[in-house]
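Residue-level listing of the chains:
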Amino acid sequence: MDWRLKKGFDGMKKEMIIDKNLQLSKPDSRDYTLETVGIPIATSFPDEFIIKELPNIYDQYSSSMCVAFALSEIKESQEIRERGRRIRFSPAFVYAEKDCGNAEGMTTRHGLKTIQKYGICPFEDFPYIGSYEECKKEYNKNKTELLEKAFQYRINTYFSLRSDDEIKTCLMENGAVSVVVEVWNNFNYTRKDGIVDVPKALNKYLGLHAMIIVGWRKINNRDYWIVQNSYGASFGDKGYCYISFTNPILKEFWGVTDYIPENLPLPKKQVVMWIGSKNIEVNAVKKEMDVAPMIKDSSTLVPLRFVAENLGGRVEFDHNNKTAIVLTKDKLIKLPVNQNHATVDGKKVSLSAPSIIHEGRTLIPLRFVSEQMGYQVDWINSEKKIVITEK
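Residues numbered from 1 in each chain as written. Predicted model: local features only at pLDDT ≥ 70, side-chain atom pairs only at ≥ 80, totals over all residues. Heavy atoms only, no water.

Undergrad: Just checking my understanding: could you explain the side chain of serine 63 for this structure?
TA: Along the chain, serine 63 falls in the loop between strand S1 (49-50) and helix H1 (66-83). A polar atom in the side chain of serine 63 sits 2.7 Å from the backbone oxygen of glutamine 60. At 3.4 Å, the side chain of serine 63 forms a polar contact with the backbone nitrogen of methionine 65. (Helix = DSSP H or I, 4+ residues; strand = E, 2+ residues; numbered from the N terminus. Polar contact = N/O pair within 3.5 Å; in protein donor to acceptor, adjacent residues only side chain to side chain.)

Right, dumping it as structure tokens:
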């Protein structure tokens, strides 16, 4: 549906919408840094800087989708920078796929994980703005197709930024930065010159809000971040505001990249299962499946969902076409049931045996897991044991 026709958004009075459910991402020692992704921190900087790949100014209206808007704008900028094309992306896709509860709002880290695993579809494919419940309802009507469209727009990784120099380096070398700020009621009265004042004792705290930093500049000999908001072009200085480097409302910063150094140490996942047994070990943790691997007509068949999802992939089922849709870290696979073929990134490949439905689960040939899904498979005949490891 066209979001412009959605009740409540067409011609509504503009009000300041603060996401009271947005939380800061909890510190995590596993978060990548500039150093982790191979970007050295610069030692000198110009007095002023703004990225060339500015995304367009958008309006989240009365939704709590600030994180989703910020990340979709970063992805738009990234596409211009890396591929020379401007694509508006769908914040509703990120919002509908959030895995941090059914309440409104989300953390930036959750949004980043979504785009890393599943990507983000173009806005024209899911042109929706609304509450989480509304976005999820609309999304579920066409989820498998939207996942397919989003897959090519995944990011490789994201990283935390912890100093002014790191933020500046990221802007110059990598692009726009996601920022979370505290919002006090003085934010409602951001002047037309765009300057956001430091909160005073009489100001009231309203909540948190996500935006993107696109550069920095000097104002009255003080350093300010150039921040793009998602409140439309009527906010501040034509959609932008300026926040002093020392303003205490600045709380959290993230960068996004499609580049990962070859020597980056990434942990590998492993699944161990046995023929005829519902027991499974995932990274040495014992679990139980609801269907066991089996041998049929000399072919070893394994449960698709348990293998793919425990190795970081995702499985959806297109009931209309009786086809399993698999998204791994680098492939999009379609497996029609009871057929001896599949498609991998749009190319048709043969299966050594048809995929089947057994006890309500899709089972696929073990050879396909190794040859097409990109996993290393080891068979220990004496124990009838299968060991599947990320390559």
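Undergrad: When you look at the pattern of salt bridges in this model, what are you seeing that I'm missing?
TA: Any two side chains of opposite charge can pair if their charged atoms end up close together. All chains considered together, the criterion is met by 18 salt bridges. Lysine 75 is paired through a salt bridge with glutamate 79; the nearest N and O atoms lie 3.4 Å apart. Here glutamate 79 and lysine 75 lie together in helix H1, a separation of 4 residues that amounts to about one turn. As far as burial versus exposure is concerned, lysine 75 and glutamate 79 are alike and both buried. In this structure, the salt-bridge partner of glutamate 309 is arginine 305, at a minimum N-O distance of 2.8 Å. Placement of the pair is glutamate 309 and arginine 305 together in helix H7 (residues 304-310), with a separation of 4 residues, close to one helical turn. Take glutamate 309: its relative accessible area is 36%, and that puts it in the partly exposed class. (Salt bridge = Lys/Arg side-chain N within 4 Å of Asp/Glu carboxyl O. Buried < 20%, exposed > 50% of the residue type's maximum accessible area, 1.4 Å probe, protein only.)

Undergrad: Help me out: how do you make sense of the packing of aromatic side chains in this one?
TA: Any two aromatic rings considered together are summarised by their centre-to-centre distance and by the angle between their planes. A full pass over the atoms with the stated rule returns 13 aromatic pairs. Centre to centre, the rings of tyrosine 158 and tryptophan 254 are 5.8 Å apart; their planes meet at 65°, and the pair counts as edge-to-face. Placement of the pair is tyrosine 158 in strand S2 (residues 157-160) and tryptophan 254 in strand S7 (residues 250-257), with a sequence separation of 96 residues. Ring-pair connections join several aromatic residues into one group, and the members of that group are Phe45, Phe49, Trp216, Trp225 and Phe245. (Phe/Tyr/Trp six-rings, centres within 6.5 Å; stacked < 30°, edge-to-face > 60°.)

Undergrad: Just to check I follow, could you spell out unusual backbone geometry for this structure?
TA: Glycine aside, a negative phi is what most residues show, and trans is what most peptide bonds show. At asparagine 220, a position not held by glycine, the phi torsion is positive, near 55°. Tracing the backbone through its elements, the reader meets asparagine 220 in the loop between strand S4 (205-219) and strand S5 (222-228). If you check the backbone angles, glutamate 359 has positive phi at about 55° while not being a glycine. Within the element layout of this structure, glutamate 359 appears in the loop between strand S18 (356-358) and strand S19 (361-365).

Undergrad: Whenever I open this one, the confidence of the model for the protein confuses me. Can you help?
TA: Should the pLDDT be low somewhere, the predicted coordinates at that spot are not to be read in detail. Of all residues in the protein, 92% attain a pLDDT of 70 or more, and the chain-wide mean is 86. Segment residues 1-16: pLDDT under 50, and 30 contacts once partners within four positions in sequence are set aside and those in other chains are kept. (pLDDT = per-residue confidence, 0-100. Contact = heavy atoms within 4.5 Å.)

Undergrad: Hey, could you run me through the sheet that holds strand S9 (residues 279-282) in this one?
TA: As a general point, the strands of a sheet are linked pairwise by backbone hydrogen bonds and lie either parallel or antiparallel. Taken in spatial order, the 5 strands make up an open sheet running S10-S9-S8-S21-S20, and their pairing is antiparallel. Strand pairing shows two members of the sheet lacking a second neighbour, strand S10 (285-288) and strand S20 (375-380), which therefore form its edges. Pairs of neighbouring strands in the sheet enclose a mean axial angle of 20°, with direction left out of account. In terms of strand pairing, strand S8 (residues 270-274) meets strand S21 (residues 385-390) through 5 bridges, oriented antiparallel. (Pairing = 2+ DSSP bridges. Axes fitted to C-alpha atoms, helices over the stretch in contact; angles between N-to-C directions.)

Undergrad: How should I be thinking about the sheet that holds strand S11 (residues 294-296) in this particular structure?
TA: As summarised here, the arrangement of the 4 strands in space is S11-S12-S19-S18, forming an open sheet in which the pairing is antiparallel. Every interior strand has two partners, whereas the edge strands, S11 and S18, have only one. The sheet shows a mean angle of 40° between the axes of neighbouring strands, direction not considered. Pairing of strand S12 (residues 299-303) with S19 involves 3 bridges; the strand directions are antiparallel. Paired with proline 303 across the strands is leucine 363, a residue of S19.

Undergrad: Before we go on, may I ask you to explain the environment of arginine 305 in this structure?
TA: A relative accessible area of 29% means that arginine 305 is categorised as partly exposed. Sequence separation of arginine 305 and asparagine 102 is 203 residues, and the distance between their C-alpha atoms is 24 Å. Residues in contact with arginine 305, not counting those within four places in the same chain, are Asn310, Val315 and Arg361. Reaching out from arginine 305, the side chain makes a polar contact with the backbone oxygen of valine 315 at a distance of 3.0 Å.

Undergrad: Where do I start with the pairing of strand S6 (residues 240-244) in this structure?
TA: Looking along a regular strand, one sees side chains alternate from face to face of the sheet. Buried residues dominate S6, accounting for 5 of its 5 residues. Side-chain alternation along S6 places Tyr240, Tyr242 and Ser244 on one buried face and Cys241 and Ile243 on a second face that is also buried. Relative to S6, S5 runs antiparallel, the two sharing 5 bridges. When the bridges of S6 are listed, glutamine 228 appears paired with tyrosine 240.

Undergrad: Honestly, the state of the cysteines in this entry has me stumped. Any pointers?
TA: Disulfide: a covalent bond formed between the sulfur atoms of two cysteine residues. Per the counting criterion, the structure on display carries 0 disulfides. Of the cysteine sulfurs around cysteine 135, a residue in no disulfide, the closest is that of cysteine 121, at 11 Å. With a relative accessible area of 0%, cysteine 135 lands in the buried category. Looking at cysteine 241, it has no disulfide partner, and the nearest cysteine sulfur is the one in cysteine 66, 13 Å off. (Disulfide = S-S within 2.5 Å.)

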